[in-house]
Structures are given as structure tokens and as C-alpha cells.
Amino acid sequence: MSATKRVYLDHAATTPVRPEVMDAMLPIFQEHFGNPSSFYHRGQEAKRLLEDARQRIATCIQAQAHEIYFTSCGTESDNWAIKGVARALEKKGRHIITSKIEHHAVLHSCEALAAQGYEITYLDVDADGRVDPQAVRQAIRPDTILVSIMMANNEIGTIQPIAEIGAICQEHKVTFHSDAVQAAGAIPIDVSTLPVDLLSFSGHKLYAPKGVGALYIRRGTRIATFMDGGAQERNRRGGTENVPYIVGFAKAFELAMAEMAENTKHLSALRDDLIEKVLKAVPHTRLNGHLTERLPNNVNFSFEFIEGESILIMLDHFGFECSSGSACTSGSLDPSHVLLAIGLPHEKAHGSLRVTFGKSSEAEDIDRLVESLVKIVSRLRDISPLYEAYLKEKQG
Ligand code: PLP
């Protein structure tokens, strides 16, 4: 019997490091391993690699190199943005606006601030997961110091109207942060026209390694230091820089920008094919997230009457590696806060499946995935008391 082909369809959770990125990083581990803070040649060589990477990442988003700060991950960037602005502006006010569908790195940072006396407004989203810019306008108060709305959602792929929200923040002179971890490399980001003050990035979502991230801080933005230590990162984030990963991150970001048009075409064709086929083949199924304002690689379904966890286990058996939501919450049995926020009742939020395509995804995998899903959903519904109750009610 031939082994089941393994198909990785969880690129929103993480991506493999691409070969070009490995090639860019490898010599730095053993040859150019100097500490960028050392004055001698090897250190200065590492410093040059670091600053070159900073410039290249800045170019990807039309920023200035000195506006890019390296961090250890997207979570750190979100923490720094939110807690750093809160601390720097605490005398001005203690009110922060965010949305109900942010990543936990943002939500839990806000909760930590709430425990210190900050007031947080969690904006609702519509049934597609979009924040209404006018709701941001209405929520702004004289003591509002920060608005944090993600660029694209990690579970349902919905892209937010960031330009409009940013313009409202600018009008009211409120600092605006956006978590761009899922958006980076997938959709264009141009800070020369986009009214944002802070953007969070993470390497491992765009084929660089885990453990490297960045925070874009627009020049003039008031933000406190997050990591006390040495003078690295213009005295704002102590800690010896992870030069190999930072160089890998720059390479991966550049490649993503260069290949964006081609990737979007490839990924959105797979996405749309899967959506169409599954909605046709599996009754009582809902597509979560916006139909068009959506990341090119994201599909998120709710299958009524069954549990997402069971679907995942059976899909794994068929060779498909998918997710029921964000990687950080899978393993918890609570339904996704994102699906609840778009209005799904608990039982529907439990039956969700996220498929996120990537560079290696192939059209031929779609039909096998659809076939597998048809079998899995039907088997699970056969043993579902909810489905049985539904059928009984239907028969009267
Ligand atoms: N923000 C979003 C939207 C994410 O999807 C993730 C990762 O899943 C993060 C932040 C956290 O990034 P990291 O894993 O680099 O800490």
C-alpha cells in the first residue's frame, strides 16, 4: 500500500523556509557570525549585513530604514506597539480602541493594560469580519491614545479598510497600529501613502524562519522602549540582533514582493476553486470571511452539526494538514473568538476548518481534498446527535 501523500495546507500558521532564504542565511552562522556591536572588522561586517537587511525591508513597504526595528516575532511587535504607545502617552489618555477579531498578541496586550487601569473599546465587526471605519470615528474620545486594527485576519482572511481607518485616526491625531503579520508579502503595503504609524511583521509567515519579526515605527511616533538592555535598535530594543534570521527575513520579504502578482494568481485560483467545489458538494456549509476583501490563500468553512477538531483529525488521516482556526488557539476547546464575533452561534463556530494555501500547493490536491471532506463530513454527521435532531425536526 502506498503511503498517503502529505499535503500541508496551514500556511497561515507557519511556512517552510525557502531555499533562497536558507542560502542567504547559512554563511552568516559560521562565517559572518560577528556581533554587530563589535568594532572590529567581523563585527562591522555583521553590522553592514544588518543595516542592508533593514534597508531592504524598508524598501518593501516604502519606509525609511531607520523606521524598521527588528524584534523576535510578531507577538513581540504587537506587544511593543500597544504597551509602548500606552506607556509613552499615559499622561495624554488611557483609552485604546481595537476590534474583537484581533490576534491574541493584541487582545492579551490590551487586557494586560486594562488590568493597569486603561480602558479598552473592542469594536464589533460585521458578518464578513470587517470593521466599520465610522465605528472607529464614533469610538474616538479626547483621551484615546491608540487604535489597533489588523490589516488581515489570520483565521478568516478578511482584509480591513486600513486606509480609511488610518485617515480617521490621522484626522483625530490618534496613533494607529496595524498588525500586518498575515498581510505582509500577500498584499501591497505602502507606508508612503497609507496613514499608519506602526505595523507588526513576522518572518515565519512569509518563508523566513520562526523567531524574527519587525515593527515599523513611523518617524515621530511616540513609543516607549519595550526591551531594556544595550543600545541596539537605536536604543529602543536591547538584545544582540539575530543577524542570520534578519537577513533571511529581508530575502523572504523581497521575494514575496517580487512574486506577489504571480502568487496571488496561483493562490486565489486554488482558493476560489476550493470554495466553489466545497459549497457545491457539502450541504449546510458556510464560507466565513469576506468573499472578495480576503487574503488570496485563505479559505474558512463552517460545517454545521459537527466538530472542527474531528474534521482535522480525519483530514490528517487522509494526509491533509489544516487548522480549525489560529494555531495558537487550536488545542483549546473554546470556539474561535473571531467566528463568534462574526455572529456564528457556538455550535457553528465549533465546526470550522481553515485551509491556507502556499507556494507548494497544487491544483490536483483540491479534488482529493474535496472528496475527503465529503466523506468526512458525511461520516461525522451520521454520528452527530445535532444532525439527527435536525433531520427529525425536518421530517416533522
Ligand atoms: N498576528 C497575527 C495576525 C498572526 O497571525 C500571528 C501568528 O499567528 C501573530 C500576530 C504572531 O506572530 P508570531 O508567531 O511571529 O509571534
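Just so it is clear, the structure is predicted and the values come from calculations on it, not from any experiment.

What counts, and where the lines are drawn
Residues numbered from 1 in each chain as written. Predicted model: local features only at pLDDT ≥ 70, side-chain atom pairs only at ≥ 80, totals over all residues. Heavy atoms only, no water. Near = heavy atom within 4 Å. Polar contact = N/O pair within 3.5 Å; in protein donor to acceptor, adjacent residues only side chain to side chain. Areas by Shrake-Rupley, 256 points an atom, 1.4 Å probe, with all protein chains shown as cover. Buried < 20%, exposed > 50% of the residue type's maximum accessible area, 1.4 Å probe, protein only. Helix = DSSP H or I, 4+ residues; strand = E, 2+ residues; numbered from the N terminus. Pairing = 2+ DSSP bridges. Axes fitted to C-alpha atoms, helices over the stretch in contact; angles between N-to-C directions. Contact = heavy atoms within 4.5 Å. Expected span 1.5 Å × (residues − 1). Arc of directions from axis to C-beta. pLDDT = per-residue confidence, 0-100. Parallel < 35°, antiparallel > 145°, perpendicular 65-115°, else oblique. Left-handed = near helix turned anticlockwise from the far one by under 90°. Phe/Tyr/Trp six-rings, centres within 6.5 Å; stacked < 30°, edge-to-face > 60°.

1. Brief notes about the site of the ligand
No. 1: In the vicinity of the ligand there are 13 residues, among which Thr 75, Asp 179, Gln 182, Ser 202 and Lys 205 approach most closely.
No. 2: Between the ligand and the protein, one listed contact pairs an oxygen atom with a side-chain N or O atom of Gln 182 at 2.8 Å.
No. 3: Contacts to the ligand include Ser 202, whose side-chain N or O atom sits 2.6 Å from an oxygen atom.
No. 4: In isolation the ligand offers 390 Å² of accessible surface; the protein chains occlude 91% of this area.

2. What to know about the pairing of strand S8 (residues 213–217)
No. 1: Extensive coverage of S8 is indicated by the burial of 5 of its 5 residues.
No. 2: Pairing geometry for strand S2 (residues 68–71) and S8, over 4 bridges, is antiparallel. Its bridge partner lying in S8, Tyr 69 is registered against Leu 215.

3. Focus on the sheet that holds strand S12 (residues 352–356)
No. 1: Across the sheet, which stays open at both edges, the 3 strands sit in the order S9-S10-S12 with antiparallel pairing between neighbours. In the strand order of this sheet, the two ends are held by strand S9 (285–287) and S12, each with one partner. Recorded for the sheet is a direction-independent mean angle of 25° between the axes of neighbouring strands.
No. 2: As defined by bridge partners, S9 adjoins strand S10 (residues 298–303) across 3 bridges and the pair is classed as antiparallel.

4. Description of the sheet that holds strand S6 (residues 175–179)
No. 1: As summarised here, the arrangement of the 7 strands in space is S2-S8-S7-S6-S5-S3-S4, forming an open sheet in which the pairing is mixed. Unpaired on one side and paired on the other, S2 and strand S4 (119–123) mark the two borders of the sheet. Ignoring which end each strand starts from, the neighbouring axes of this sheet average 20° apart.
No. 2: One ladder, built from 4 bridges, connects strand S3 (residues 95–99) with strand S5 (residues 144–148); its direction is parallel. Paired with Ile 97 across the strands is Val 147, a residue of S5.
No. 3: Each of S5 and S6 touches helix H6 (residues 162–171); the most contacted strand, S6, lies at about 160° to it.

5. Things to note about unusual backbone geometry
No. 1: Even without being glycine, Gln 62 reaches a positive phi, approximately 60°.
No. 2: Position of Gln 62 relative to the elements: it lies in the loop between helix H2 (41–60) and S2.
No. 3: In the Ramachandran plot, Glu 233 falls in the positive-phi region, its phi being about 50° despite a non-glycine side chain.
No. 4: Tracing the sequence through the fold places Glu 233 in helix H7 (residues 232–235).

6. Digging into helix H9 (residues 260–281)
No. 1: Taking 1.5 Å per residue as the helical rise, H9 with its 22 residues ought to reach 32 Å, and the 31 Å between its terminal C-alpha atoms agrees with that figure.
No. 2: Where H9 is concerned, the buried positions are Met 260, Asn 263, Leu 267, Ser 268, Leu 270, Arg 271, Leu 274, Ile 275 and Val 278. Summarising the axial view, the buried residues of H9 lie within an arc of 160°, below the 170-degree limit, and thus occupy one face. Exposed and facing more than 90 degrees away from the buried side of H9 are Ala 261, Glu 262, Lys 265, Glu 276 and Lys 280.

7. Structural notes on the confidence of the model for the chain
No. 1: In this model, the chain carries an average pLDDT of 95, and 97% of its residues clear a pLDDT of 70 or more.
No. 2: Low confidence marks residues 326–330, where pLDDT is under 50. Its contacts with residues over four positions away, or in another chain, come to 8 contacts.

8. Quick word on the packing of helix H10 (residues 308–317) against helix H13 (residues 363–382)
Each packed pair of helices is defined by two parameters, the angle between the axes and the distance between the axes.
No. 1: In contact at an axis separation of 10 Å, H10 and H13 are set at 130° when each is read in the N-to-C sense. Taken together, H10 and H13 sit at an angle that is classed as oblique. For H10 against H13, the interelement crossing comes out right-handed. Residues Ser 310, Ile 311, Met 314 and Leu 315 of H10 touch H13, and the partners they reach there are Leu 369, Ser 372, Leu 373, Ile 376, Arg 379 and Leu 380.

9. Points about the packing of aromatic side chains
Between two aromatic rings, the relevant description is the distance of the centres plus the angle of the planes.
No. 1: Under the definition given, this model contains 9 aromatic pairs.
No. 2: Relative to Tyr 387, the ring of Phe 305 lies with its centre 5.1 Å away and its plane at 50°, an arrangement referred to as tilted. With a gap of 82 residues between them, Phe 305 in the loop between S10 and H10 and Tyr 387 in helix H14 (residues 385–395) connect regions that are remote in the sequence.
No. 3: Owing to a relative accessible area of 18%, Tyr 387 belongs among the buried residues under this scheme.
No. 4: Ring plane angle 20° and centroid distance 6.0 Å describe the contact between Tyr 387 and Tyr 390, whose orientation is recorded as stacked. Of this pair, Tyr 387 and Tyr 390 both sit in helix H14, separated by 3 residues, roughly a single helical turn.

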